[in-house]
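# Structural characterization, general
Given next are the chains, with one letter for each unit.
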Amino acid sequence: MSDLGSIAIEGLSLLAAVASLAVTAVLLRVVLGSYIISMDEPAFRNFSRSGHMMLVAMVLFGIAMLARPVDYFTYDFLELLAILLFLAAVLIFVNYFKKGGSGERLLTRLDWGELEKEVKLKEVERDLKEDVAFRRFLPAAKGMHFVLVEVGQGVAPFPVLEYFYSRLVSGISSSSNVCVALGPTTPHEFRRHSGQMGYKCNLWVSSAEMREEWMSDKFTVVTPADLTDMVHYFKSVSGTAGGNVAFVGDFIDELSGELGEKELHAMVSDVHAIMEANGNLLVLIATTGLYTKGKLAILERYADGIAHVEGKPPAMSFLDTHTNETAALGEIPLGRAMR
C-alpha cells in the first residue's frame, strides 16, 4: 500500500482510538456517576446494533494481527475495514445516546434522594391498595375524633404505631397533616424505621435525658408530669397546623404508671374536647397490659371507636362505641414494619 494509504489508515486508527476513549469515558460516567440510560425500543435496537458492530470490528482487528506476518495487504485491508466498522458503530452510539426515538435524552442524571422517596411512596401506595383491613378501617373511623387502638398480648406496639402512621399519611385527605405523639417510642427509633415524617408538629412525652440528635428532630418534648404543657401542645398544633390534623402515637403508655385515674380522666377529657372542637383525629396506640382495668375503661369511655389488634398473625377488629356495631376488619400486615 502507498505511503498516502498508510497515512490515511494511521489517521483513521488515531480517530478510532480517540472515539474509543470518548465512548469509554461516557460509559464510566454512567457506571461511576449518578446516571442511568433510558431508551425506547428503536433506540435500544440501534444501540444494540452499535455494540455488535464494535464486537465484529474487534474480531477483524484480531484476524488482521494474525495475517500481518503472512500478508501485509490482507492486514491493511482488514485493519481498514475494522476501523470503518468501528467508527460507524461509534456514530450510531453517539446519535442514539444524544436522542432516542422519542426525542428524549438517554443519559439522565439520577437524584437518588428523589428516587428513594418515590420508591417508598409507591410501596406505601401498593401496601395501602392491598391492605383490605385499613381500607375498611378508614370509612369506619370517618367523622370520629378519638380512636383507641388496643394492642393485645403477643403484638409489639411499635409496628402497630408505624402501621397506622404510614397508612394515614397516604390514606387520608391531602389537606390533612399527620403528626406523631410518642411515649415509649423514641423519635430516633421512629425516624429510623418510618423514613419520613413532618418534623414541625410532633410530641414526645419522656423523662429521658435529651440527646442532640433527638432535639434536632424538632419535637415538642414534655415530661410525664407536665400535663398542662401536653394539653397545650394538642391545642396549639390543632389551631396552627393548617387543615385537619391526625395525631398518632403511644404517648399515654408513658403515663400509664405515672397518673392516677382522676388525673388521667381530666387529661383525656381535655384532649378529646380539643380534637372535637377542631375536627381533628387522635389515633391512640395503647398496650393493654400496661393499664389497670379502671384506666383502660377511662380511655374506652372517651373513644369514638375502639380497634383491637391481637393474634398471630395480627388481626384488627373495630367497635363503634356510638352504635355498638362491631366488625372484623381482617389481618394487618405488620411484617414490613417489624423488619
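## Overview of the overall build of the protein
Helix and strand counts for the protein come out as 12 helices and 11 strands. Counting over 339 residues, the protein shows a buried share of 41%. By sequence separation, contacts in the protein at least 24 residues apart represent 69% of the contacts at least 6 residues apart. When the accessible surface of the protein is summed, it comes to about 18,500 Å², and 58% of that surface belongs to carbon and sulfur atoms.

## Focus: the pattern of salt bridges
Where charged atoms of side chains with opposite charge meet at close range, the side chains can pair. Taken as a whole and assessed by the stated rule, the structure comprises one salt bridge. Taking the shortest distance from any N to any O, the salt bridge between Arg 167 and Asp 131 comes out at 3.0 Å. Here Arg 167 is found in helix α6 (residues 157–171), whereas its partner Asp 131 is found in the loop between α4 (112–130) and α5 (132–141), with 36 residues between them in sequence. Pair check on accessibility: Arg 167 and Asp 131 agree, each one buried.

## A look at the nonpolar core
Soluble globular proteins: nonpolar side chains tend toward being buried together. Ranked by internal contacts, the top residues of the largest apolar core, which has 36 residues, are Met 230, Phe 234, Phe 247, Phe 251, Ile 252, Met 267 and Leu 299. Looking at this core, the elements with two or more residues in it are β3 (146–151), β4 (177–182), β5 (203–205), α9 (227–240), β7 (245–249), α10 (261–278), β8 (281–287) and α11 (293–302). By size, the runner-up hydrophobic cluster in this structure holds 34 residues, among which are Met 144, Tyr 163, Leu 329 and Ile 332.

## Structural notes on the packing of α10 against α11
Each packed pair of helices is defined by two parameters, the angle between the axes and the distance between the axes. Relative orientation of the contacting elements α10 and α11 amounts to 15°, with a least axis distance of 10 Å. Relative to α11, the element α10 is oriented roughly parallel. Of the two possible hands of crossing, α10 and α11 adopt the one that is right-handed. Note on element contacts: α11 touches α10 through Gly 294, Lys 295, Ile 298, Leu 299, Arg 301 and Tyr 302, opposite Glu 261, Leu 264, His 265, Val 268, Ser 269 and His 272. For the contact of α10 with α11, the class distribution of residues is five nonpolar, four polar and three charged.

## Notes on the state of the cysteines
Tallied over the full model, the rule gives one disulfide. A sulfur-sulfur distance of 2.1 Å marks the disulfide that ties Cys 179 to Cys 201. Measuring the twist about the S-S bond at about -115°, one finds the Cys 179-Cys 201 disulfide to be left-handed. One end of the pair, Cys 179, is in strand β4; the other, Cys 201, is in the loop between α7 (187–194) and β5, with 22 residues separating them in the sequence. Each of the two residues, Cys 179 as well as Cys 201, counts as buried.

## Section: the packing of aromatic side chains
Overall, the coordinates contain 12 aromatic pairs when judged by the stated rule. The interplanar angle of 75° and the centroid separation of 5.3 Å between the aromatic rings of Phe 137 and Phe 164 together place this pair among those described as edge-to-face. Placement of Phe 137 in helix α5 and of Phe 164 in helix α6 is noted, with a sequence separation of 27 residues between them. Residue classification places Phe 164 among the buried positions, given a relative accessible area of 0%. Joined through ring pairs, the aromatic side chains of Phe 134, Phe 137, Tyr 163, Phe 164 and Phe 318 make up one cluster.

## Things to note about the sheet that holds β3
Ordered by their spatial adjacency, nine strands build an open sheet running β6-β5-β4-β7-β8-β3-β9-β10-β11, and the pairing between neighbours is mixed. Because the sheet does not close on itself, it has two edges, and the strands there are β6 (220–222) and β11 (325–331). For this sheet the average axis-to-axis angle between neighbouring strands, irrespective of direction, equals 15°. Its contacts with the sheet place α10 against β3, β7 and β8, and it is angled at close to 150° to β8.

## Some remarks on the environment of Leu 281
With respect to the helices and strands, the residue Leu 281 is situated in strand β8. With 135 residues separating them along the chain, Leu 281 and Phe 146 place their C-alpha atoms 5.7 Å apart.

About the thresholds
Residues numbered from 1 in each chain as written. Predicted model: local features only at pLDDT ≥ 70, side-chain atom pairs only at ≥ 80, totals over all residues. Heavy atoms only, no water. Helix = DSSP H or I, 4+ residues; strand = E, 2+ residues; numbered from the N terminus. Buried < 20%, exposed > 50% of the residue type's maximum accessible area, 1.4 Å probe, protein only. Contact = heavy atoms within 4.5 Å. Areas by Shrake-Rupley, 256 points an atom, 1.4 Å probe, with all protein chains shown as cover. Salt bridge = Lys/Arg side-chain N within 4 Å of Asp/Glu carboxyl O. Core = buried A, V, L, I, M, F, W, Y, C linked by side-chain atoms within 4.5 Å. Axes fitted to C-alpha atoms, helices over the stretch in contact; angles between N-to-C directions. Parallel < 35°, antiparallel > 145°, perpendicular 65-115°, else oblique. Left-handed = near helix turned anticlockwise from the far one by under 90°. Nonpolar A, V, L, I, M, F, W, Y, C, P; charged D, E, K, R; others polar. Disulfide = S-S within 2.5 Å. Phe/Tyr/Trp six-rings, centres within 6.5 Å; stacked < 30°, edge-to-face > 60°. Pairing = 2+ DSSP bridges.

Any functional reading would require information beyond the geometric quantities listed.
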